[in-house]
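Residue-level structural notes
Here are the chains, one letter per residue:
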Amino acid sequence: MAKNRDRNLWSFENKKNFDRALLGNYVGEIIWKPGFHALSNYIGNRNIDSGWLNEILMESEEGNFEKGKSLAGRMFSSFSKGVHSECLVDVHTILDLVTLQGLVEGTFKLCATLGLVSHFVGFLAPVIERERALNIFLDVERMIEDVQF
């Protein structure tokens, strides 16, 4: 994740501070936002029964990218508290079943979404056919929804 939140990304002064984070603002401008835009165009007029895709369609490419960064940050923070809380509090208080279920679901959802979007960028390799990528994404969504804790 990006450490630099500079909004003037392409300024010459930033050449020494170029952030290569997967969810950084540079990669967001080059990969994620165009990918979300292409995905939205691809699924926009189709009638696909998917809560996850509906959430993507409700946001702009900027909104989807910022939401992804925010979710990744929150999940990282929550999981790290669960790992490092052993000396502070009872681990079952931090990572109760409902919380853990939500975190795991969120992780699968974010990874599946970024994986799907990566096939809509146009210049990343390797990629699979868009329809196949979409079907795999929908399969992951169904599997996660069917998990019984």
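What you are looking at is a predicted structure, and each value in this text was computed from that prediction instead of being measured. (Residues numbered from 1 in each chain as written. Predicted model: local features only at pLDDT ≥ 70, side-chain atom pairs only at ≥ 80, totals over all residues. Heavy atoms only, no water.)

Turning next to the overall build of the protein. Regarding its fold elements, the protein presents six helices and zero strands. For the protein, the sequential pattern of α-helices and β-strands runs α-α-α-α-α-α. For the protein, with 149 residues in total, the buried portion stands at 36%. Taking the intrachain contacts of the protein between residues at least 6 apart in sequence as the baseline, contacts between residues at least 24 apart amount to 58%. Within the structure as shown, the protein displays about 9,600 Å² of accessible surface, and the carbon and sulfur contribution to it stands at 58%. (Helix = DSSP H or I, 4+ residues; strand = E, 2+ residues; numbered from the N terminus. Buried < 20%, exposed > 50% of the residue type's maximum accessible area, 1.4 Å probe, protein only. Contact = heavy atoms within 4.5 Å. Areas by Shrake-Rupley, 256 points an atom, 1.4 Å probe, with all protein chains shown as cover.)

The next point concerns empty space enclosed by the protein. The final tally for this structure, using the stated rule, is one cavity of 30 Å³ or more. For the largest cavity, the calculated volume is near 160 Å³. If you go around the largest cavity, you meet 13 residues; those closest to its centre are I56, N64, K67, L71 and T113. Those elements giving two or more residues to the lining of the largest cavity turn out to be α2 (51-57), α3 (61-84) and α5 (97-118). In terms of residue count, α5 provides more of the lining of the largest cavity than any other element does, five residues in total. Taken together, the residues of the lining of the largest cavity break down into six nonpolar, four polar and three charged. (1 Å grid on protein atoms, 1.4 Å probe; cavity = no way out; pocket = protein on both sides within 12 Å on 5 of 7 lines; lining within 4 Å. Points joined across faces, edges and corners; volume = space filled by probe spheres on them. Nonpolar A, V, L, I, M, F, W, Y, C, P; charged D, E, K, R; others polar.)

This brings us to the environment of V117. Checked against the element boundaries, V117 lands in helix α5. Once the C-alpha coordinates of V117 and R130 are considered, the two residues, 13 residues apart in sequence, prove to be 9.4 Å apart. With residues near it in sequence (within four places) discarded, V117 still touches W32, G35, F36 and L39.

This brings us to the packing of aromatic side chains. Counted according to the given criterion, the structure contains two aromatic pairs. Ring centres of W52 and F137 lie 5.6 Å apart, and the angle between their planes is 65 degrees; this geometry places the pair in the edge-to-face category. Here F137 lies in helix α6 (residues 130-146) and W52 lies in helix α2, a separation of 85 residues in the sequence. Judged by its relative accessible area of 5%, W52 falls in the buried class. (Phe/Tyr/Trp six-rings, centres within 6.5 Å; stacked < 30°, edge-to-face > 60°.)

Moving on: the side chain of E141. Looking at the element boundaries, E141 is found in helix α6. It turns out E141 is buried and unbridged, and the closest side chain with the opposite charge, R142, is 6.3 Å from it. Apart from residues no more than four positions distant in its own chain, E141 is found in contact with S50, G51 and W52. (Lys, Arg positive; Asp, Glu negative; His and termini not counted. Salt bridge = Lys/Arg side-chain N within 4 Å of Asp/Glu carboxyl O.)

Let us now look at the packing of helix α1 (residues 25-43) against α5. Contact geometry for α1 and α5: axes closest at 8 Å, N-to-C directions at 80 degrees. Classified by the angle between their axes, α1 and α5 sit roughly perpendicular to one another. Contact with α1, carried on its side by W32, G35, F36 and L39, involves T113, L114, L116, V117 and S118 of α5 and no other residues of that element. A breakdown of the residues in the contact of α1 with α5 according to their chemical character gives six nonpolar, three polar and no charged. (Axes fitted to C-alpha atoms, helices over the stretch in contact; angles between N-to-C directions. Parallel < 35°, antiparallel > 145°, perpendicular 65-115°, else oblique.)

Limitation: the analysis is restricted to geometry and does not speak to function.
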